[in-house]
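Single-letter residue listing:
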Amino acid sequence: MSNKRLIHGFHALNARLWQNPKSLIEIYLAGGRQDARAKAVQDKAEEEGVRIHLVDKARIDSLTGNARHQGVAAWIDASFAFVSLDDVLDNLNEPPLLLILDGVTDPHNLGACLRVADAMGAHAVIAPKDRSANINATVSKVACGAAEVIPYITVTNLARTLRELKERGIWIAGTTMETDTDLFHFEQTGPLAWVMGAEGEGMRRLTREHCDVLVSIPMFGSVESLNVSVSSGIVLAESRRQRVIKG
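Residues numbered from 1 in each chain as written. Predicted model: local features only at pLDDT ≥ 70, side-chain atom pairs only at ≥ 80, totals over all residues. Heavy atoms only, no water.

**Student:** Would you mind showing me how to read the pattern of salt bridges here?
**Tutor:** Side chains bearing opposite charge may pair, as long as their charged atoms lie close to each other. Within the structure shown, the criterion is met by 16 salt bridges. Lys 44 serves as the salt-bridge partner of Glu 47, at 3.6 Å between the closest nitrogen and oxygen. Linking Glu 47 with Lys 44, this pair stays in helix H2 (residues 36–48), spanning three residues, or about one helical turn. With a relative accessible area of 59%, Glu 47 lands in the exposed category. Judged by its relative accessible area of 12%, Lys 44 is buried. Of the charged contacts, one joins Arg 131 and Asp 102 as a salt bridge, the two residues approaching to 3.6 Å between their closest N and O atoms. Residue Arg 131 is found in the loop between strand S6 (124–128) and helix H6 (137–143), and its partner Asp 102 is found in strand S5 (residues 97–102); the two are separated by 29 residues along the sequence. A residue is classified by how much of its surface remains accessible, and Arg 131, at 24% relative accessible area, is partly exposed. A relative accessible area of 0% places Asp 102 in the buried class. (Salt bridge = Lys/Arg side-chain N within 4 Å of Asp/Glu carboxyl O. Helix = DSSP H or I, 4+ residues; strand = E, 2+ residues; numbered from the N terminus. Buried < 20%, exposed > 50% of the residue type's maximum accessible area, 1.4 Å probe, protein only.)

What follows is the structure, encoded as structure tokens:
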């Protein structure tokens, strides 16, 4: 199965088991666990007809490459959760709020970005296929379940996708320190897509040229830069704050 993927940890598993159980192929649970979390997984898996194997911890260590798996791992059919960008945008009941990652290749950063995007109610995370991390067990673990629920859409041509978003009336906002427009004085309650550049490199020139506006994150301390997931959390939180205030 080409779309078969391993996930581990209770956050990632529970997101699948309770929201998309048909995507689960089989679950591996450490046989010595008798706690409430393990019992809930066993009961829900039986209810949904998902095969569950009670194994020793060494088997799960081997499956996950000795990751911090909490005694649980599962194989999933990743294609089950596929949705297109059109699917997302055509079924919203509020203005779109999107996060675009231009060249984020570190799985830990991607997982953290997915986590903050889900927390702040972003409707999808978009990335180019050829310069981005793929969803894997590390991403799912760091995302704490968000990788299983928020659409992560990879596109062949990011510049073309940005043009298509503009045609739908979605404003494209890039982040940079080289601008006079700052985050807290930028009205962002309408359809909006935030573009975050790669770690250390920033946005590519062509991506930057497709932005409608460039916005800086005000810095009040001694540090000069922020991790991409922290920056994503800050801009998305401000977007959500303005929407809440507007009502």
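**Student:** Help me understand the pairing of strand S4 (residues 72–77), please; the structure alone is not making it clear to me.
**Tutor:** On a regular strand, one side chain projects to one face of the sheet and the next to the other, so that they alternate. A large share of S4 lies buried, amounting to five of its six residues. Here strand S1 (residues 4–8) runs beside S4; their pairing, made up of five bridges, is antiparallel. Residue Arg 5 lies in a different strand from S4, and its bridge partner there is Ile 76. (Pairing = 2+ DSSP bridges.)

**Student:** What is the right way to look at the environment of Leu 206 in this model?
**Tutor:** Along the polypeptide, Leu 206 turns up in helix H8 (residues 205–209). On a C-alpha basis, the gap between Leu 206 and Leu 158 in space is 9.3 Å, while along the polypeptide they are 48 residues apart.

**Student:** Just checking my understanding: could you explain the pairing of S5 for this structure?
**Tutor:** A large share of S5 lies buried, amounting to six of its six residues. The alternating pattern of S5 places Leu 97, Leu 99 and Leu 101 on one face and Leu 98, Ile 100 and Asp 102 on the opposite face, and all of these are buried. Relative to strand S9 (residues 192–197), S5 runs parallel, the two sharing six bridges. From the neighbouring strand, Asp 102 faces S9, where its bridge partner is Gly 197. Here three bridges tie S5 to S6, and the two strands are oriented parallel to one another. Residue pairing across strands places Ile 100 opposite Ile 126, the latter belonging to S6. At this point the chain moves from S5, through helix H5 (residues 107–119), to the parallel S6, and the crossover so formed is right-handed. (Right-handed = clockwise from strand over helix to strand, strands pointing away.)

Keep in mind these numbers describe shape, not what the thing actually does.
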